[in-house]
Each structure stands twice: as structure tokens, then as C-alpha cells.
Amino acid sequence: MRNADIVIIGAGISGAVLAERYANAGKKVLVIEKRSHIAGNCYDHIDDNGILVSKYGAHLFHTNYEDVWEYVNRFSDWYPWEHKVLAKVDGQLVPIPVNITTVNTLFGSDINTEDEMDEWLAENTLPIENPSNGEEAALSKVGPVLYEKMFKHYTKKQWDKYPEELDASVLNRIPVRTNHDDRYFSDIHQALPKKGYTELFRNILDHPNIEIVLNIDYFDICDQIEGYEKLFYTGPVDRFFDFKHSLKDKLEYRSINFVSETIEQPFFQENSVVNYPGEDVAFTRIIEYKHFGNQQSENTTVVREYTTDEGEPYYPVPNPKNQQIYERYKTEADKLVDVHFVGRLANYKYFNMDQAFKNALDLFATLEGQQASVDTAAYENI
Ligand code: UDP
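The structure presented is a predicted model; accordingly, all values stated were derived computationally and were not measured. (Residues numbered from 1 in each chain as written. Predicted model: local features only at pLDDT ≥ 70, side-chain atom pairs only at ≥ 80, totals over all residues. Heavy atoms only, no water.)

1. Brief notes about the sheet that holds strand 2 (residues 29–32)
What holds strands together in a sheet is hydrogen bonding between their backbones, with the strands either parallel or antiparallel. Ordered by their spatial adjacency, five strands build an open sheet running 10-2-1-11-17, and the pairing between neighbours is parallel. The two strands at the open ends of the sheet, each matched to only one other strand, are strand 10 (210–213) and strand 17 (339–341). Put simply, the sheet's adjacent strands are angled 15° from each other on average, direction ignored. One ladder, built from three bridges, connects strand 11 (residues 230–233) with strand 17; its direction is parallel. Bridge assignment links Phe 232 to a residue of strand 17, and that residue is His 340. Its contacts with the sheet put helix 11 (residues 353–368) on strand 11 and strand 17, and the angle it makes with strand 11 is roughly 160°. (Pairing = 2+ DSSP bridges. Helix = DSSP H or I, 4+ residues; strand = E, 2+ residues; numbered from the N terminus. Axes fitted to C-alpha atoms, helices over the stretch in contact; angles between N-to-C directions. Contact = heavy atoms within 4.5 Å.)

Right under this line is the structure:
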């Protein structure tokens, strides 16, 4: 390993963006990655059925940030992909987010206009002005019946907590539509990288100033890492401090057990993602990767997602108790002048992909006093 000006722990979104920014500013960058590959949880690869699959769950890029969109387009071509999700409820497949079709299918109603849907919502939801948790958020948006059918048990499976034990923001991620729009997201830009995410990351990290070492846990070698100007840490924040503030109450994360299966037929389900919000099955959703980009292959691959406590941390668990524990770590982290904590796990924030890009670009801009989105030539003098 060579000496570096900038040391980055983790080769996911935050790590890759910061590596690229500093490399283009003329700094020598060392990226240390514990796993055997780059791209963090966005990592994808071609599987035995010839299908591009994501190892750590489907990643759907969507953003309203023009600077992020412009940035990711420098490193890959993208094709438009408006993600849709169906949920299996009472034996029927219905769109989620809830829209007119969802209500008509589940209740046999004949709603046709936005006004009629507004009326249905007014009659069926609870008037909670400032929801203080996930349950109140869902009850105020979709009402008790849809809450029970589509959100309560899914949330319990996903988080091992009922919605009332989580921040309102978790359930507020899912909007309600008063029309027939069945897209999962409504952002201006919704797309997937033409050659996959791993290729996107390869391109972001492709710079002579960047050295990447894989299969090395930073904590095994941290006493050999010195002489840097700045270190960026993108792993779980509590690990960095040896869990010192959570010996009694641990900072919670959720992991996912991905169970993959080859089905010897052209397709298994009619959509890329089908959610199973009922108590009858233990998994939350089934992903059929072949749908993304309309891939061709003889067989198909499906992946069932079982959320668990054990294993690689994927999600922070947003609620007041965890926030309180996190704040103790943040106070420590803020004292370290040359070490910066960045990304979903280090900031303990439920970032979407574009927010992770944005956060890393903005951090670089703040630290180096530059505009995040201007051309790389502008960084020559740092
Ligand atoms: N959710 C739910 N039922 C669904 C989909 C989502 O109850 O069919 C809730 C659940 O609590 C989930 C949250 O909404 O964790 C956010 O969903 P999202 O699809 O954004 O989760 P992610 O894609 O990050 O796993």
C-alpha cells in the first residue's frame, strides 16, 4: 500500500465519489474495502442464468438533484426506467403506492376521478395532523384498512418493529396517489445504468491517482495507516468507536438474507418487484431481475428477501432511541478533525442512492470550498 493524501474506508457510493473528487483534484487516494468487490451494496453481476442481478437487493436510481444526475451521467450511459411495484394483497396484485386502481381492486369500488379518490380518502383515513410515528403516518394517509393489509405486517417483517415503533419518515417514504399513476417514484430522473452499477463504479474509480485494496478490513490495519491529510469512513459509525456507546443498548441495523432461486421458465412473476405485505409468508418481497432492462434469457432468477437482525448492516433503524445512541457517536465523530463520517451507515441515515451521491459531493464541496457540480478542471488548484 502506498502513502496517500486521502484515505477512504469503503468503496460504495460515498467512498467512490470522494475518491474520484480528490483524485481529480490531484490528490493520491487510497480506498480500503473489506469486501472482495467495489460498488458497496450497489454491486451487480451477471449470474448463471446470464441475468444482471444485484447481490444486495434491487437498486433503483431516481433523483430530482440536477447536479447528481449530471454527475452520474459522466460515468455511465443510462436508460430510462420508471420503477413499478405490485403488492400481493388478498390474493390479488395491486399497485403500491396506493392509487385509484389499488382501491378499486381491493374494495370493488368504481372510483374514476381525482375528486372521487379524494373523497374516498377523506372518508377512510384518520385526521392526524402531525403524525409522530409510522403508524400515525400510514393511518393519516391510507386509513386503517389499507394500513392493516399493506403496511403493518410488511413493516414488522422489514424492521422487526411495528410502525408505531418507527419514525413517521419511514412510512412517509411511500406516497398516496389520487390518480392512476403507478410509478413507485415521482422524481424527474429515473434510470438504470446501461451496463450495471458495478461498471458505473469502475468508471468512477478509474483514475491513476486512486489505489483500491480489496479484502482488507480497515480495523485490522488501522495502525499502519498514517500520514494522511484526511480520512473518510463510510462504515457503521459504532464500529469505528468500538461500540463504546452501545454496550447496553445497541445501535440497531437491519440486514437482509437474499435467497436466490432459478426458475426453469421464461418468467416467474409479471413485474420486477412483488411485495408480500401479509403475515402468511416470512419474506417481504420477491425480485425478478430479468424485468430490469427487459433482459433475455431461457430461465429466470428470483430472489426472496428476508430481513434479519444478523449479518451485514444495510439499513439504519430510524426511531428516537437509535437516534439518541447515534448522537453520542456523532459527538465523538465531530471531535475528530481529520476524520469524516459519510454515508448511510456512518451518518446513520436512511439515504436513497441519490442522497448518498449528493451528500458526498456536497461534503467535498464544503471541505474544499468548491462547487460540487462544476467540471473537474476546476479542481486543479486544490
Ligand atoms: N412499506 C410497507 N409495505 C410495502 C412497502 C413499504 O409497509 O409494501 C413500508 C415499510 O415500512 C418499508 C417502508 O415502507 O420499510 C419504506 O419502503 P421502501 O420501499 O422505501 O423501502 P426500501 O426500498 O428502502 O427497502
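2. Description of the nonpolar core
Within the largest apolar cluster, 111 residues are counted, with the highest numbers of intra-cluster contacts made by Leu 18, Val 29, Ile 32, Phe 61, Met 150, Phe 341 and Phe 357. With nine residues, the top contributor of residues to this core is helix 5 (residues 134–159). (Core = buried A, V, L, I, M, F, W, Y, C linked by side-chain atoms within 4.5 Å. Buried < 20%, exposed > 50% of the residue type's maximum accessible area, 1.4 Å probe, protein only.)

3. Comments concerning empty space enclosed by the protein
As enumerated under the stated definition, the model contains one cavity of 30 Å³ or more in all. What the largest cavity holds in volume is close to 50 Å³. Taken together, Ala 137, Ala 138, Lys 141, Val 142, Phe 151, Leu 171, Asn 172, Ile 174, Pro 175 and Val 176 make up the full set of residues lining the largest cavity. Among the secondary structure elements, those contributing two or more residues to the lining of the largest cavity are helix 5 and helix 6 (168–172). (1 Å grid on protein atoms, 1.4 Å probe; cavity = no way out; pocket = protein on both sides within 12 Å on 5 of 7 lines; lining within 4 Å. Points joined across faces, edges and corners; volume = space filled by probe spheres on them.)

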